[in-house]
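A closer look at the structure
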Amino acid sequence: MIGILLLIFGLQFAFVGTTPINIWPEMFFFPWLVSKGLTPYVDFFDHHGFLLSYIVAPLLVDKTLLLVKMFFILIQVCNTTLIVLILSKYKKTFIVFLGGVLFVLLQNFYVENNFWHETVITTFLLSGYFFSTRNRLLLASSALALASGIRPTAAIFSFALAFQKRSVIPIFTLLTFWFFAITFLFGLNSISILKTALFDYNRFLLEQFSSNHIANEKILLLGLGILISGLYIAVRQKVSSRFFVLLCWFLLTFVFLGLGYERTHMIPTVSFWVLLVISIFQKIHGYPRILYGALIGATVLL
């Protein structure tokens, strides 16, 4: 297994190390404002979540942004590690290797070393799913609450986990996180400002600039074809309820695509797509597995 992990991470570093890292202005300007003592929404406008600015702010002691780049690389490595850990439950080295390599290839294609919110959100979502499969409900709830601090729409995962586990812990954790954030960071008087920045303005963007344009239609259609055919196989194979839980998490990731197709927004969806298709692949055998594997390979080649 160690050799497999070295191959997977070696492939990842080969991509990361040979592709320039692009840090969008919001990824260092807003954290820089926070490092100067300004408060998001109150002292300057932002329509994203606040958490990433506070995470990145201490890294700006290095004016070359090297620490920010190292953080971004670490996040990508964490995402790959979480994929491998989730797939390790199948106890099949080949399945872990296939899933890990597939994720590394797709992560490189969709992220292209562009530091944006969804890459970090993916870390929290995968952590939440991983801990939920290990019955670590409080850790899973905490990870999902943190994801909502980067994009508030991620709060839907906390409600989904609460329904899945029949527990109020995920919702209580989410509400506690936002209560302390509003109380100690922004102040109770800032609720109307938060509503304007995080909800009203984003609704305006959704109404005015949402696009139905989909780039790389062949790749997307092929990916959907693989998923739909796999779901048919999965139903015929009478998969466990855990598979349908994973499917629900995958469908919820489309909440990040409100303004249309954008590669950097796709990484949460791609991550759970990999987990789904690998889950199906390990379930089938013989000729169907060969055909399904060929379809997955065609996606990577395209």
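Just so we're clear, the structure is a prediction, and the values are computed from it rather than from any experiment.

1. A look at the overall build of the protein chain
Broken down by element type, the protein chain carries 14 helices and 2 strands. Buried residues in the protein chain amount to 49% of all 302 residues. A sequence separation of at least 24 residues applies to 75% of the contacts in the protein chain between residues at least 6 apart. Carbon and sulfur atoms form 71% of the exposed surface of the protein chain, whose accessible area is close to 14,700 Å².

2. Considering the confidence of the model for the protein chain
For the protein chain, per-residue confidence averages 84 on the pLDDT scale, and 82% of positions sit at 70 or higher. Predicted confidence in the protein chain is weakest over helix α11 (residues 217-236), with a mean pLDDT of 62, and strongest over helix α7 (residues 137-150), with 97.

3. Some words on the side chain of His48
Position of His48 among the secondary structure elements: in the loop between α2 (25-35) and α3 (51-56). Dropping the residues within four chain positions of it, His48 is found in contact with Tyr41, Trp116, His117, Ile150, Arg151 and Leu198.

4. Observations regarding the pattern of salt bridges
Under the counting rule described, the total for this entry stands at 2 salt bridges. As a salt-bridge pair, Lys195 and Asp200 come within 3.1 Å of each other at their nearest N and O atoms. Judged by relative accessible area, which is 46%, Lys195 ranks as partly exposed.

5. Brief notes about the packing of helix α6 (residues 117-133) against α7
With their axes 7 Å apart at the nearest point, α6 and α7 run at an angle of 165 degrees to one another. Considering their axes alone, α6 and α7 lie roughly antiparallel with respect to each other. The chirality of how α6 crosses α7 is left-handed. In this structure, α6 uses His117, Val120, Ile121, Phe124, Leu125, Ser127, Gly128, Phe131 and Ser132 to contact α7, whose residues at the interface are Leu139, Ala140, Ala143, Leu144, Leu146, Ala147 and Ile150. Of the residues contributing to the contact of α6 with α7, the split by class is 12 nonpolar, 4 polar and no charged.

6. Section: helix α9 (residues 169-186)
An α-helical turn contains 3.6 residues, so any two residues separated by three or four positions project in the same direction. The terminal C-alpha atoms of α9 lie 25 Å apart, and with 18 residues this matches the ideal 26 Å at 1.5 Å per residue to within 8%. Buried within α9 we find Pro170, Thr173, Leu174, Phe177, Trp178, Ala181, Ile182 and Phe186. Projection of α9 onto a plane perpendicular to its axis shows the buried side chains occupying an angular sector of 160 degrees, all on one side. Turned more than 90 degrees away from the buried face of α9 sit Phe172, Leu175, Phe179 and Phe184, all of them exposed. Once α9 ends, the next one or two residues include Gly187, with phi positive near 90 degrees.

7. Topic: the environment of Thr196
If you trace the backbone, Thr196 turns up in helix α10 (residues 191-209). Considered as a pair, Thr196 and Phe45 are 151 residues apart in the sequence and their alpha carbons are 10.0 Å apart. A polar atom in the side chain of Thr196 sits 3.0 Å from the backbone oxygen of Ser192.

8. Quick look at unusual backbone geometry
A positive phi angle is found at Asn135, which is not glycine, with a value near 60 degrees. Structurally, the position occupied by Asn135 is in the loop between α6 and α7. On the accessibility criterion, Asn135 (61% relative accessible area) is exposed. Phi angles above zero are rare outside glycine, and Arg166 is one such case at about 55 degrees. The exposed category is assigned to Arg166, whose relative accessible area is 64%.

Parameters and conventions
The written sequence of each chain sets the order in which its residues are numbered from 1. Confidence filtering applies because this is a predicted model: local features only for residues at pLDDT of at least 70, side-chain atom pairs given and counted only at 80 or more, and all residues used for totals across whole chains, interfaces and linings. Only hydrogens and water are set aside; all other atoms, that is, all heavy atoms of the structure, feed into the side-chain values. In this text, helices come from DSSP runs of H or I with a minimum length of four residues, and strands from runs of E with a minimum of two, each type numbered from the N-terminal end. Relative accessibility thresholds used throughout: buried, under 20% of the residue-type maximum; exposed, over 50%; partly exposed, between the two (1.4 Å probe, protein chains only). Any two residues whose heavy atoms approach within 4.5 Å at even a single point are treated as in contact. All accessibility values rest on the Shrake-Rupley procedure with a 1.4 Å probe; residue burial counts only the protein chains present in the view. pLDDT expresses how confident the predictor is about each individual residue, on a scale running from 0 to 100. Any Lys or Arg side-chain nitrogen found within 4 Å of a carboxyl oxygen on Asp or Glu counts as a salt bridge. Here, axes are lines fitted to C-alpha atoms. For helices the fit covers the stretch in contact, and angles between N-to-C directions go from 0 to 180 degrees. An angle counts as roughly parallel when it lies under 35 degrees, as roughly antiparallel when it exceeds 145, as roughly perpendicular when it falls between 65 and 115, and as oblique in every other case. For any pair of crossing helices, the crossing counts as left-handed if the nearer helix is rotated counterclockwise from the farther one by less than a right angle, and right-handed if it is rotated clockwise. Ten residues, namely Ala, Val, Leu, Ile, Met, Phe, Trp, Tyr, Cys and Pro, are considered nonpolar, four, namely Asp, Glu, Lys and Arg, are considered charged, and the remaining ones, Gly among them, are considered polar. A helix is expected to span 1.5 Å for every residue after the first. What the arc describes is the spread of directions from the helix axis to the C-beta atoms. Side-chain atoms alone can form a polar contact between residues adjacent in sequence; in general such a contact is a pair of N or O atoms within 3.5 Å, and within protein one must be able to donate a hydrogen while the other accepts it.

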